[in-house]
Amino acid sequence: MTAIKHALQRDIFTPNDERLLSIVNVCKAGKKKKNCFLCATVTTERPVQVKVVKVKKSDKGDFYKRQMAWELRDLTEVDAKDANKENPEFDLHFEKVYRWVASSTAEKNSFICCIWKLNQRYLRKKVEFVNVSAQLLEESVPSSENQSVAGGDEDALDDYQELNTREEQDIEGMMEVCEYAISNAEAFAEKLSKELQVLDGANIQSIMASEKQVNILMQLLDEALTEVDTIEGKLSSYEEMLQSVKDQMDQISQSNRLIQISNSNNDKLLDEIQFLVNHMDLSRGHIRALQEGDLSSPKGIEACINASEALLQCMSVALRPGHDKLAAVKQQQMLFCELRDAFARRLTNHLNNVFVHQFNHFSHFKMTIPQFYRSSCLSLPGHDQSSTLSQHTADLTLPKHSPLHRDLLRYAKLMEWLKNTQREKYDGLSRTYVDYMSRLYEREIKDFFEGAKIKMAGTTKEPKGKFATLPRKENALKQETESVAGLHGSSGKLTGSTSSLNKLAVQGSSSRRSQSSSLLDMGNMSASDLDVADRTKFDKIFEQVLSELEPLCLAEQDFIIKFFKLQQQVPLAQAEVDDTDGGTSSRPPANEHRHSISSERDMVRFMMNKIFQSIETELNSLIALGDKMDSFHSLYMLVKMSHHVWTAENVDPASYLSTTLGNVLVTVKRNFDKCIQGQIRAMEEVKISKKSKVGILAFVTSFEEFAELAETIFRNAERRGDLDKAYSKLIRAVFFNVEKVANESQKTPRDVVMMENFHHIFSTLSRLKISCLESERREAKHKYTEHLQAYVITSLGQPLEKLNHFFEGVEARVAQGVREEEVSYQLAFSKQELRKVIKEYPGKEVKKGLDNLYKKVDKHLCEEESLLQVVWHSMQDEFIRQYKHFEGLIGRCYPGSGITMDFTIQDMLEYFSSIAQSH
């Protein structure tokens, strides 16, 4: 086994830097016996790795090969099968259980003992040994047979070292001196023993020779010990002295530390006192201002503002931990609370008195509109304010509240202080202001709109404020006495006249004031210009109303924002003091002001709605009156209102003015749509006379009037799209109803009705150049031309009726296949028949027939459109065309016959010219 071990060490493990410690010859249990060796090895380099290697002898030779290896740390259990009886079987538990049978029990025990030692040395008893005798594990010296195999105990494993190069050289040199060392080991050992004895004797002699020196050394050591004792005594005395000094230094250090702590505490106390004095001390002047300050004088107000800001800073200071437990701090906080509450009450009472005084000042001498008119602008004796208010009414202006705003804005910072400290009193003041101002504005706005209505309607004799209608046509006067829904007369004609509209001029300018001026120029007034005058008057009044309301609302909203400190970030949160628990301060939670901007804007909107709650109602009432007086007023109102809404939205889209005017604009737009629908309904309900000629239909003239007026009003307007949509609806209705009337006409031919009305529409659209109706303009021209041609062709068949019939027959024969030169051989179309027909139409008869035709056309056509000469000229062209056509047929069908008409083209031109001149 030793030879095998050395062979395995040399051939397998030494090349891998491993050292073989134990070996056992085994075979697998229960199979055909194939012997192999289990080897326990360690690496020669650190860190040491312990392995169990399976080595198998090659079948084709005497060398060994490494078959499998396991790390010892992967071994979990060693099972010896029986601890009391000798049994060569044992199990090793790695990733699976390996069952082995050793060649002898001694080899098994030696191998297990080696594994146990390696486990104790390197694995810290990780491997579990089962069925192994405790005596075997406790034995440190294995059996003689396997002592060499086991490799010694644990110390031998650590002390074993291989010979280095120098040691090998020394051994080789010694063995070379003794050549017989290999051949005669006993002689070599004997020689070495003799040399060792000689060396031992020399060592003993050397020791005995050095005894004297040893004695001297011992004496020196004794003296040294004595000296050491002396030094130790001195060191002890020194240590006692240093210990007393150390105690004294400790006492001094303790005193210094206490002094430093005292100084530090004094500094901190001084800092806290200075902090409280600097931040919670209110000067006597500020206290006096809060208690007795004059809230009516500028200096007193400024002093109160400074005192209130100082008080707010004192109450808002962030106290450090523990400050709120100090009696002085609690006392000071209670003082601040008392000053705050007292000043808040005094300020609230003063502002309430200011509101009442200003309200009485503005409303005391107020005169109502009917009183003003009845008193003929007479003012009350001894009061100048009444004349001023009367002047406002006469000029249709609203009183300015800038003096009131200017006086109240002095208290804006105090209102901000009140908002941050006493929110309930702040809210109460805002409600008081809204209450007084809403009543004041309600009176002023009511009187203002009443004056506007009176100016619109003119002088009225009705004592209860019912407004008379504007002087207009009789049918319009009857309409104005009906409900607002009756916007149009039964005749279907819209109010106004075309002749007066032709005199209108646009007052155009890019400035704001030019838009507020009238859209129409009055020009020279006449009886037919009443509609223009009425509409111009309404336009000026409505613009004046909007121009007065706009600055009034903007000024009031600006004042509310500045005075009540709205729509801005809330400053440093106030320190709320709880009087019940000794004045402890606390800050309001941050989420209370998270949406402060939006909530404050809502508050501005709410206040404006309360103050001006009557504006929207009054505007709607004024709009209803204007629409009742004349439905065309909706055009003016739509343009004016759109412009003011656009202006207000550019200033502030969320303002009260923008919202209110936007709501009113919806009403105006509805009235405008009703106006358009009313005109369309009037077109559909139009009735024509059966005894008189139709002429230009009333709704066509009304459309012309509407278009001229609308183009003048909507020039450069913001809502041009609404007008274009209305145009589209109206023109389609006009086209449809013109054809409807033409089909129903009995007195006037259909072509004449279509020709005249579509010519009028075409002329209107061409003159006004309305871009959105360009396709309708071309359509109107096409219809006019088409029906003009049809009327001319139909009318010309009457003067030369037999001649027309004759040549129609000729053309029919040619169409049937008869050659043109053979037509004369037809009995009904012979030369004699042709001469007979021509003789029936001499020049005098033709002229007479044309004269009758002219008279008939004159009866068909109306004078307003002046189309007689146009139709007559077209008939002349058509007559000449037919004449040439007849001559061509005579030349082709009756060649060489010498047959000609009794009149020439020149004669026809003279006939047409003389007839036209004679009429």
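Visitor: Kindly report on the nonpolar core, identifying the contributing residues and their values.
Guide: The biggest cluster of nonpolar side chains holds 171 residues, and the ones touching the most others in it are Val545 and Phe714. Every residue in contact with Phe714, bar those within four places of it in the chain, is listed here: Leu635, Leu638, Val639, Phe672, Arg719, Arg720 and Leu723.

Visitor: Which residues make up the confidence of the model for the chain, and what values go with them?
Guide: The predicted model of the chain has a mean per-residue pLDDT of 76, with 79% of residues at 70 or higher. Note that pLDDT drops below 50 for residues 459-529; the model gives that stretch 133 contacts with residues more than four away or on any other chain.

Visitor: Outline the environment of Met68, supporting the account with residue identities and numerical values.
Guide: Among the secondary structure elements, Met68 is positioned in strand β4 (residues 64-71). Between the C-alpha atom of Met68 and that of Val53, which follows or precedes it by 15 residues, the distance is 5.9 Å. The contact partners of Met68, leaving out residues within four places of it in the chain, are Val52, Val53, Lys54 and Tyr98.

Visitor: Kindly report on a nonpolar patch on the surface, identifying the contributing residues and their values.
Guide: A contiguous nonpolar surface patch, about 290 Å² in accessible area, is contributed by Ile171, Met174, Met175 and Leu192. As for its position among the elements, Met174 is in helix α6 (residues 165-177).

Visitor: Residues and numbers for a negative patch on the surface, please.
Guide: Taken together, Glu167, Glu168, Asp170, Glu172 and Glu176 make up a surface patch of like negative charges. Mapped onto the elements, Glu176 comes out in helix α6. By relative accessible area, Glu176 is classed as exposed at 59%.

Visitor: Mind laying out the pattern of salt bridges, listing which residues take part and the relevant values?
Guide: Evaluation of the coordinates by the stated rule reveals 36 salt bridges. The partner of Lys562 in a salt bridge is Asp558, with the nearest N and O atoms 3.1 Å apart. Here Lys562 pairs with Asp558, and both are found in helix α21 (residues 530-563), just four residues apart, close to one helical turn. Residue Asp673 is joined to Lys669 by a salt bridge in which the shortest nitrogen-to-oxygen separation is 2.8 Å. With Asp673 and Lys669 both in helix α25 (residues 656-684) and four residues apart, the pair spans about one turn of that helix. Here Asp673 falls in the partly exposed class, since its relative accessible area comes to 30%. Residues joined in a network through salt bridges with shared partners are Glu18, Lys51 and Arg66.

Visitor: Can you explain the packing of aromatic side chains? Please cite residues and give values.
Guide: Applying the stated criterion across every chain yields a total of 26 aromatic pairs. Between Phe563 and Phe564 the ring centres are 4.9 Å apart and the planes differ by 85°, which places this aromatic pair in the edge-to-face class. Phe564 gets classed as buried once you look at its relative accessible area, which sits at 0%. Between Phe807 and Phe886, the ring centres sit 4.7 Å apart and the planes meet at 10°, which makes this aromatic pair stacked. Separated by 79 residues along the polypeptide, Phe807 in helix α30 (residues 801-815) and Phe886 in helix α33 (residues 868-893) bring together distant segments of the chain. By the ring-pair criterion, three or more aromatic residues cluster together here, those being Phe355, Tyr426, Tyr433, Phe559, Phe563 and Phe564. Above the plane of the ring of Tyr122 lies Arg121, whose end atom (NZ or CZ) is 6.0 Å from the centre. Positioned above the aromatic ring of Phe275 is the side chain of Arg320, whose terminal nitrogen or guanidinium carbon lies 4.2 Å from the ring centre.

Thresholds, definitions, all that
Residues numbered from 1 in each chain as written. Predicted model: local features only at pLDDT ≥ 70, side-chain atom pairs only at ≥ 80, totals over all residues. Heavy atoms only, no water. Core = buried A, V, L, I, M, F, W, Y, C linked by side-chain atoms within 4.5 Å. Buried < 20%, exposed > 50% of the residue type's maximum accessible area, 1.4 Å probe, protein only. Contact = heavy atoms within 4.5 Å. pLDDT = per-residue confidence, 0-100. Helix = DSSP H or I, 4+ residues; strand = E, 2+ residues; numbered from the N terminus. Patch = residues over 30% accessible without salt bridge, like charges linked within 9 Å, V, L, I, M, F, W, Y side chains within 5 Å. Areas by Shrake-Rupley, 256 points an atom, 1.4 Å probe, with all protein chains shown as cover. Salt bridge = Lys/Arg side-chain N within 4 Å of Asp/Glu carboxyl O. Lys, Arg positive; Asp, Glu negative; His and termini not counted. Charge placed at Lys NZ, Arg CZ, Asp CG, Glu CD. Phe/Tyr/Trp six-rings, centres within 6.5 Å; stacked < 30°, edge-to-face > 60°. Lys NZ or Arg CZ within 6 Å of the ring centre and 35° of its normal.

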